[in-house]
Amino acid sequence: MEKYAKVVVSNNSNHTDELYTYKIPEFLIDEIKIGHRVLVTFGRGNKPIEAFVFEISSFKEGDFKVKEIINILDENPILKKRDIEIIKWMREEYICTFMDAINCIYPKGMRVDNYKVVKLIKKEFDNLNKKEIKVLDEIMKNKGKIKVEILKTKLDNSVENIIKKLKDKGIVNISWEYKSIKNEKYIYNINLNILDDEADETVDNLIKKRAFKQADIINFLKNNQNVEINDLMDLLNISKSSIKSLEEKGLITIEKLDYYRKPKTNYEVKNKKINLNEEQLKVISKLKKSMDKENKNPFLLYGVTGSGKTEIYLNIIEEALKKNLDSIVLVPEISLTPQTIARFKNKFKDIIAVLHSKLSNGEKYDEYRRIKEGNAKIVIGARSALFAPCNNLGVIIIDEFHESSYKSEMNPKYNSIEVAKQISKTENCILILGSATPPIEAYYKCKVGEYELLELKNRANNKEMPSIEVVDMKEELNNGNKSIFSKSLFEAIKENLQNNNQTILFLNRRGYASFVSCRKCGYIFKCSNCEISLTYHKRKNVGKCHYCGYEMNIPKECPDCESNYIKEFGIGTQKIEEEVKKYFKDAKVLRMDKDTTSKKGAHEEILNKFKNKEADILIGTQMIGKGLDFENVTLVGILAADMILNFPDFRSSERTFQIINQVAGRAGRAHLNGRVILQSYDTEHYSIEYAVNYDYEGFYKDEIKIRNAFNYIPFNNLISIVIYGKNEKKVINNIQKLYDSIIYILRKRGYENFDFILGPNPCPISKINLNYRWQILLKDINVEIKLLKSIIKYICIQKRELIFDQDVNISIDINPFNIL
DNA sequence: AGCACGCCGACT
DNA sequence: GTCGGCGTGCTC
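Fair warning: this is a prediction, and the values are worked out from it, not measured in the lab. Here the residue numbers are simple positions, counted from 1 along each chain's written sequence. A letter from A marks each chain and a number from 1 marks each ligand, given out in the order of writing. Confidence filtering applies because this is a predicted model: local features only for residues at pLDDT of at least 70, side-chain atom pairs given and counted only at 80 or more, and all residues used for totals across whole chains, interfaces and linings. Note: side-chain values were computed over all heavy atoms of the structure, leaving out hydrogens and water.

Undergrad: Where do I start with the overall build of chain A in this structure?
TA: Here a strand is any run of E in DSSP of at least two residues, a helix any run of H or I of at least four, and the numbering for each starts at the N terminus. The number of helices and strands found in chain A is 25 helices and 33 strands. Dimensions of chain A along its principal axes, counting C-alpha atoms only, are 95 × 85 × 70 Å. Accessible area is worked out with a 1.4 Å probe on protein chains only. A residue is then buried under 20% of its type maximum, exposed over 50%, and partly exposed in between. Looking at the 820 residues of chain A, the share that counts as buried comes to 53%. The long-range fraction of contacts in chain A, counting pairs at least 24 apart against all pairs at least 6 apart in sequence, stands at 74%. Working note: accessible area of chain A is about 39900 Å², and carbon and sulfur atoms make up 46% of it. In summary, the charge assignment counts Lys and Arg as positive and Asp and Glu as negative, without counting His or the chain termini. A charged residue contributes its charge at one atom only: NZ of Lys, CZ of Arg, CG of Asp or CD of Glu. Side-chain charges of chain A comprise 132 positive and 114 negative groups, with the mean position of each set lying 3 Å from the other. Two residues qualify as a contact provided that any one of their heavy atoms is within 4.5 Å of a heavy atom in the partner residue. Shrake-Rupley sampling with a 1.4 Å probe provides the accessible areas, and residues are treated as covered by the protein chains on show and by no other component.

Okay, structure coming up:
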């Protein structure tokens, strides 16, 4: 019986984003399955291309000529049925292509590499012109076979035409070749294959034959076992040939072993014996009970900082292991959560796989294989770990799920929480969303019964949350204090140093000063690529753009009015470091921000130093607010709490509330009492007032009213479409066309009111990396989100060429985390 | 996207 | 008359 497969071709194009039907050749009929990776020829050029089988049927629908699948590319399907469901769902949800979604689940690095080759088949050089002979010369130089691409670089682009002629004349043959990139790595262990006393005799014989190197090897192996081939070659300064000839003589054995490139972490914590409190036990029993239920709602684990959420995670994973189920744990950022990961590693040892974006393709491949083969049962990682190829999922845990890193910035711009929900549905596993400051929309879902709320109201050590003292910086200024430290923060730091306790100072901006300007004419130094003022970095005397990395030296004279009144304004972590050193000469200070942690392992180094009390004061940006546990920190200073409030973004209040909570939670985690001093110019904003009292419920009640009034999440969805490009006029012209097209289609469907479309407007950051950016925001107020998405897909993808210029880019984001 | 086909002007 | 330049349209 004839069989057909519907496949997605691995072609990076919007125009080929559909299912293509191929005939399954006889020899594959019993073998091919949904999810298999196959090789097909595609397009008029019959280019071999990788494809993914999405459906298999015994008939073809429609009238077109079918091609045959050439072969399968892996022994077993690479995508599971649930993967295909998730891919289809993502494509709809985030307006992306099949391939965009597949690239999330099945990462690149193991793809086919294909190329066209010309082969000489007949040596007949009569009636040929000069160019043809030149081409044939090159082919012959390369033993009668050469890649067309290489031929093109050696000669010129007319090669394709010439070889086609040669092909017509029957002199050459053009074909496609491909090779699978193998990512498996092996180690070769070498051992002696003879007894020790035989070895001495052998060594003598070898020396007689002047095979000194081989003698060396035997001598070395006499004292060492399981020597890795590369080590052996390095240590004895020998080549592979000596080893090979020893193997041929049967004197040594070479054992081929799988090598898993295990990523290293170098942060250790002791395994404390922990007695769970009543609250924790209640939560755990609830979660355990639900594991066997059908149709589970996601759980929102709302636990104040230090309430022992990680302990709950460990217990649930243990339960999953008992049922022989896998677990996935997502953390906001691997390098920022070494303590959490160390705790998991301590408990579960080597059945843990750690995945993150900094792994090499080979390392990633190894971890994937360990998971697939069941050698790793617990996966910890950043958002992409969600797609790990687990065999049978028992639980997905998303820690600190309010963090913005769970939203992908790249296409597809997926939200890990939504994808996790989808995966947990298809796998029927439980989903735990943990946070001390849940996003407003998630808490709302608890209220309407979409999530089940689990609460940990008390800190595990029964300590109260540290009290937060608010200092109005306007008043400080009125009282003549121009320094960045208020009087009370200054005194507190001093006292803390005297008592030999540790202090954390938090400021959400790195660098020295937030901007540099001329006091005479008001000139502000800006990035030449972005519409962003440059942050001043004093050590190098440069202005740095924190968006594109641009740097420029700050001159003494104003480039505009040539005066000498150049001064830096605003504060950054560098400036704080300088001030601390100025006022507290004996204090040992560490700074942790993007500038001090760019080196690999720098995070751990700084955190370790601080933990070991090698420093008294840690100054840092948001980085320090994440799941870190320092016993001796008794004072936290928040230097400019209202900084985030000034962002033109609907989530800025929420973010302010979250950050204050997170950072404050760093104080007094162990036996000592903590104290938090919060400095702000705006002390009356509701997000600061509620944060100071740790009143999440109160903040929620106010914030949800605002969300409702302005039709924001969770009451409405928000779609952001940004058009960006180097040519500002074109960008404006194109965004207008986009607006007009949307209006045109909606009018035809009978809509008259377009208040729900905001824009077109320049983005709050109107230029990044030389690209001008304009934006349209849509809320699904009186138009169904599905309809809006289909209209956007039609305009921005299907009819893209017709409506937009080539050199502008379109970015579509469904429910973006920020709209900058 | 990326490739082949095809139509038209500039050359041996 | 042919080469080769780019516009057009399709990909199972």
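Undergrad: How do you make sense of the side chain of Gln 280 when you look at a structure like this?
TA: In this structure, Gln 280 sits in helix H10 (residues 278–290). In this structure the side chain of Gln 280 is engaged in a polar contact, spanning 3.3 Å, whose partner is the backbone oxygen of Ser 307. Only 3.2 Å separates the side chain of Gln 280 from the backbone oxygen of Gly 308, close enough to count as a polar contact. Excluding residues within four positions of it along the chain, Gln 280 makes contact with Asn 275, Ser 307, Gly 308, Glu 311, Ile 312 and Leu 456. Each polar contact in these results corresponds to two N or O atoms within 3.5 Å; when the atoms are within protein, one needs to be able to donate a hydrogen and the other to accept it, and residues that are neighboring in sequence are counted only if both atoms are side-chain atoms.

Undergrad: Looking at this structure, I do not really get the nonpolar core. What am I missing?
TA: Generally speaking, nonpolar side chains in soluble globular proteins are found buried as a group. Formed by 122 residues in total, the largest nonpolar core has its most connected members in Ile 396, Ile 398, Leu 738, Ile 757 and Leu 778. In this structure, Leu 325, Ile 341, Ile 380 and Leu 456 belong to the second largest nonpolar core, which totals 29 residues. Here, nonpolar core means buried Ala, Val, Leu, Ile, Met, Phe, Trp, Tyr and Cys residues that are tied together by side-chain atoms lying within 4.5 Å of each other.

Undergrad: What exactly am I supposed to notice about the packing of helix H7 (residues 212–223) against helix H9 (residues 240–248) here?
TA: Geometry is summarised by axes, namely lines fitted to C-alpha atoms with helices restricted to the contacting stretch, and by angles between N-to-C directions that run from 0 to 180 degrees. Between H7 and H9, whose axes approach to 9 Å, the crossing angle comes to 70°. Taken together, the axes of H7 and H9 lie roughly perpendicular to each other. Residues Lys 213, Gln 214, Ile 217 and Ile 218 of H7 lie in contact with H9, whose contacting residues are Ser 242, Ile 243, Ser 245 and Leu 246. Partitioned by chemical class, the residues of the contact of H7 with H9 number four nonpolar, three polar and one charged. Working rule for angles: under 35 degrees goes down as roughly parallel, over 145 as roughly antiparallel, 65 to 115 as roughly perpendicular, anything else as oblique. Residues were grouped as follows: Ala, Val, Leu, Ile, Met, Phe, Trp, Tyr, Cys and Pro as nonpolar; Asp, Glu, Lys and Arg as charged; and all remaining residues, including Gly, as polar.

Undergrad: Which parts of the structure should I look at to understand the sheet that holds strand S30 (residues 718–725)?
TA: One requirement defines pairing of two strands: DSSP has to find at least two bridges between them. In spatial order, the strands read S31-S32-S30-S33; together these four strands make up an open sheet with antiparallel pairing. Strand pairing shows two members of the sheet lacking a second neighbour, strand S31 (757–768) and strand S33 (809–814), which therefore form its edges. Shown here is a sheet whose adjacent strand axes are inclined to one another by a mean of 20°, direction ignored. Where S30 and S33 come together, six bridges link them in antiparallel fashion. In the strand pairing of S33, Ser 720 is matched with Asp 813. Each of S30, strand S32 (771–779) and S33 touches helix H24 (residues 785–798); the most contacted strand, S30, lies at about 15° to it.

Undergrad: In this structure, what is going on with helix H12 (residues 338–348)? I would like to understand it.
TA: Note on helix geometry: an α-helix contains 3.6 residues per turn, so any two residues three or four positions apart are oriented the same way. Within H12, eight of the eleven residues are buried, leaving the element largely enclosed by the surrounding structure. By the burial criterion, the buried members of H12 are Pro 338, Gln 339, Thr 340, Ile 341, Ala 342, Phe 344, Asn 346 and Phe 348. Buried positions along H12 lie against helix H11 (309–322), strand S13 (326–330), strand S14 (352–355), strand S15 (378–381) and helix H19 (602–611). The positive-phi residue at the C-terminal boundary of H12 is Lys 349, with phi of around 55°.

Undergrad: Hey, could you run me through the pairing of S31 in this one?
TA: Each regular strand displays side chains that alternate between the two surfaces of the sheet. In this structure, S31 lies alongside S32, joined through six bridges in antiparallel fashion. Across the sheet, the residue bridging to Ile 757 is Leu 778, located in S32. Once S31 ends, the chain turns through two residues before running back antiparallel as S32, passing Asn 769 with a positive phi of about 55°.

Undergrad: Whenever I open this one, the UniProt feature "binding site: Zn(2+) 2" (unreviewed entry) in chain A confuses me. Can you help?
TA: As recorded in UniProt, the sites labelled "binding site: Zn(2+) 2" (unreviewed entry) are Cys 527, Cys 530, Cys 545 and Cys 548. In three dimensions, the annotated residues from a span of 22 residues occupy one location, with a maximal C-alpha spread of 8.6 Å. Relative to the elements of secondary structure, Cys 527 occurs in the loop between strand S21 (515–518) and strand S22 (535–537). In this structure Cys 527 comes out as buried when scored by relative accessible area, which is 5%. Position of Cys 545 relative to the elements: it lies in the loop between strand S23 (542–544) and strand S24 (551–553). Setting aside residues no more than four positions away along its own chain, Cys 545 makes contact with Cys 527, Cys 530, Ile 532, Leu 534 and Tyr 550. UniProt positions are given in the numbering used here, feature names are shortened, and annotations may be inferred rather than shown by experiment.

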